[in-house]
Structure formats: structure tokens, C-alpha cells
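Residue-level listing of the chains:
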Amino acid sequence: MLQRRLFHKIVQQFYLGHPETSRLSRFPPSLQLGLRSACHRSKTTSAFPDVRERTLIAVKPDGVQRRLVGQIIQRFEQRGFKLVGLRMLQASEDLLSEHYGELRTKSFYHSLVRYMTSGPIVVMVWEGHNVVQTSRSMVGHTNPAEAMAGTVRGDFSIHVSRNVVHASDSVEGAQREIQLWFQAKDLLDWDCNDKSSTSEK
Ligand code: DAT
Ligand code: MG
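Undergrad: So what exactly am I meant to see when it comes to helix H7 (residues 131-139) here?
TA: Counting along an α-helix, one turn takes 3.6 residues, and residues three or four places apart therefore face a common direction. Within the span of H7, buried status applies to Val-131, Val-132, Thr-134, Ser-135, Met-138 and Val-139. Projection of H7 onto a plane perpendicular to its axis shows the buried side chains occupying an angular sector of 170°, all on one side. The inward-facing, buried residues of H7 contact strand E1 (54-59), helix H4 (69-79), strand E3 (121-127), helix H8 (152-156), strand E4 (165-167) and helix H9 (171-181). Positive backbone phi, approximately 95°, marks Gly-140, located one or two places after H7.

Undergrad: When you look at the pairing of E3 in this model, what are you seeing that I'm missing?
TA: The side chains of a regular strand alternate, residue by residue, between the two faces of the sheet. Within E3, seven of the seven residues are buried, leaving the element largely enclosed by the surrounding structure. Alternating residues of E3 divide into Ile-121, Val-123, Val-125 and Glu-127 and Val-122, Met-124 and Trp-126, and every residue in both groups is buried. For E1 and E3, the ladder comprises six bridges, and the chain directions are antiparallel. When the sheet's bridge partners are listed, Val-59 is paired in E3 with Val-122. The pairing of strand E2 (residues 82-89) with E3 spans seven bridges and is antiparallel. The residue bridging Met-88 from the neighbouring strand is Val-122, located in E3.

Undergrad: Explanation requested: the site of ligand 1 in the structure shown.
TA: Near ligand 1 the following residues occur: Lys-60, Tyr-100, Leu-103, Phe-108, Leu-112, Arg-136, Thr-142, Arg-153, Val-160 and Asn-163. Between an oxygen atom of ligand 1 and a side-chain N or O atom of Arg-136, the distance comes to 2.8 Å. Interatomic distance of 3.0 Å between a side-chain N/O atom of Arg-153 and an oxygen atom of ligand 1. Its free accessible area being 520 Å², ligand 1 has 73% of it covered by the protein chains. Looking at the shell around ligand 1, its residues break down into five nonpolar, two polar and three charged.

Undergrad: Could you clarify how one ought to interpret the pattern of salt bridges in this entry?
TA: Any two side chains of opposite charge can pair if their charged atoms end up close together. Throughout the structure, instances matching the rule amount to eight salt bridges. A salt bridge links Arg-54 to Asp-189, with the nearest nitrogen and oxygen atoms 3.4 Å apart. Of this pair, Arg-54 sits in strand E1 while Asp-189 sits in the loop between H9 and helix H10 (195-198), and the two are 135 residues apart along the sequence. Residue Arg-54 is classed as buried on the basis of its relative accessible area of 2%.

Undergrad: How should the nonpolar core be read in this particular structure?
TA: Taken as a class, soluble globular proteins show a tendency for nonpolar side chains to be buried jointly. The biggest cluster of nonpolar side chains holds 23 residues, and the ones touching the most others in it are Ile-72, Phe-76 and Trp-126. For this core, the secondary-structure elements that each account for two or more residues are E1, H4, E3, H7, H8, E4 and H9. If sequence neighbours within four positions are ignored, Ile-72 has contacts with Val-59, Val-152, Val-164 and Val-165.

Reading the values: the criteria
Residues numbered from 1 in each chain as written. Chains lettered and ligands numbered in written order. Predicted model: local features only at pLDDT ≥ 70, side-chain atom pairs only at ≥ 80, totals over all residues. Heavy atoms only, no water. Buried < 20%, exposed > 50% of the residue type's maximum accessible area, 1.4 Å probe, protein only. Helix = DSSP H or I, 4+ residues; strand = E, 2+ residues; numbered from the N terminus. Arc of directions from axis to C-beta. Contact = heavy atoms within 4.5 Å. Pairing = 2+ DSSP bridges. Near = heavy atom within 4 Å. Polar contact = N/O pair within 3.5 Å; in protein donor to acceptor, adjacent residues only side chain to side chain. Areas by Shrake-Rupley, 256 points an atom, 1.4 Å probe, with all protein chains shown as cover. Nonpolar A, V, L, I, M, F, W, Y, C, P; charged D, E, K, R; others polar. Salt bridge = Lys/Arg side-chain N within 4 Å of Asp/Glu carboxyl O. Core = buried A, V, L, I, M, F, W, Y, C linked by side-chain atoms within 4.5 Å.

Structure below.
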């Protein structure tokens, strides 16, 4: 039991939620494998979520055009997450093709990239306990027609081709995406004065 706790402490400290410092390489290869699989488990079960877990949230061009940036930020602040990075940019096709690499074979891929490069987007990194899974719930179903009222997509959109916001779908995915959109120096480690009111850790 003690060993197990120690093991997950190491995972939390050295890997999860610290995209700017992928420290797995410090461990011998055999241990790296174990750590990777622990991280993989956490992405599906969130059994060991870290208070410093981070995720990438982006307000897509339709969200910016419709002046929804403030309301979307407000939801994450209100929930208790901490903003640690933010930038506004017009994304290049190259960046989008890396970001959406898994979708390259989908029929909608080209229209997705056209839409995502059509205007400015606001990309953010949010931090906090279980932030990846919680923010997916807050954002709602990919298809707004199926998204619950109360979610961002359920409240602000009607069609899958204009669904307002992006949220990473796993801890590993978040780490990959954060590294794609942000340089380590642009992510701020800062102390929220009210942190003991949002989590005991
Ligand atoms: P999500 O954004 O919920 O993670 P995804 O990764 O499967 O969903 O797809 C990325 C985006 O691609 C999604 O936000 C909107 C677009 N998309 C997905 N399925 C689509 C479809 N059937 N038609 C048009 N666009 C689609
Ligand atoms: Mg996705």
C-alpha cells in the first residue's frame, strides 16, 4: 500500500500536469514504461488526478466572433480552476494539422481546418484537480445537438461544425497539445490565494 502511494506520488510529481517538464527521461526505461502506463490509467479512470493537472482549452473562431471569450473564461474561473497560460492567435494550417493529426482521414477534416484558420482563436491552459475530465463535462458533447444544457456547447451552439470550444480529451493528450501551443516560459506557476478553499491539497 505504502509502495503504491509512493509510486503514484512519483507519477504526480514528475509527470502528470507538468507539460513543460516531461521528466520521464530521468527514470530508467523499465520504470518509464510503468510510469507511462500509470498515466495512461489516470486518463481513463482519473483514479489519481493531480491538483496540478493541466488541460488545453481553446475558444474557436466562431466563439471569438460571437464575443463568447469572457463567458467561457468565467465558467472555468467560477468552477475553481486556475488560468496558467493564455494567448490569442490566428492559427496556421501546419499547427492545426498537428493538433488535429488523428482526424486527418475524416471527411470533415479539410472544412475543420478551414474553419479553425478562418479567424483568431484564444488558447488557454487551465490547471486544477481532475481538470481534463471536468472540463470535458463542462464543454459538453462534440455534437451540440447532443450536448446537455448547462455545458458550453449545449448553451452556445447548434451544429458540430461550429461548436465554439476545444478541450483536451486525456491527460496525455493535454500534455501534447499544451506543448504544441505554448512554450514552457509562457506558462505561469503562480499561487492562487484561495487555493485551500478549492482543494485540500
Ligand atoms: P472534440 O472536439 O469533442 O474533442 P473530436 O476531437 O472528435 O471532438 O473532433 C474535433 C472537432 O472536429 C470537433 O470539435 C468538431 C469537428 N468534428 C467532429 N466530428 C465532426 C463531424 N462529424 N462533422 C463536422 N465536424 C466534426
Ligand atoms: Mg478531440
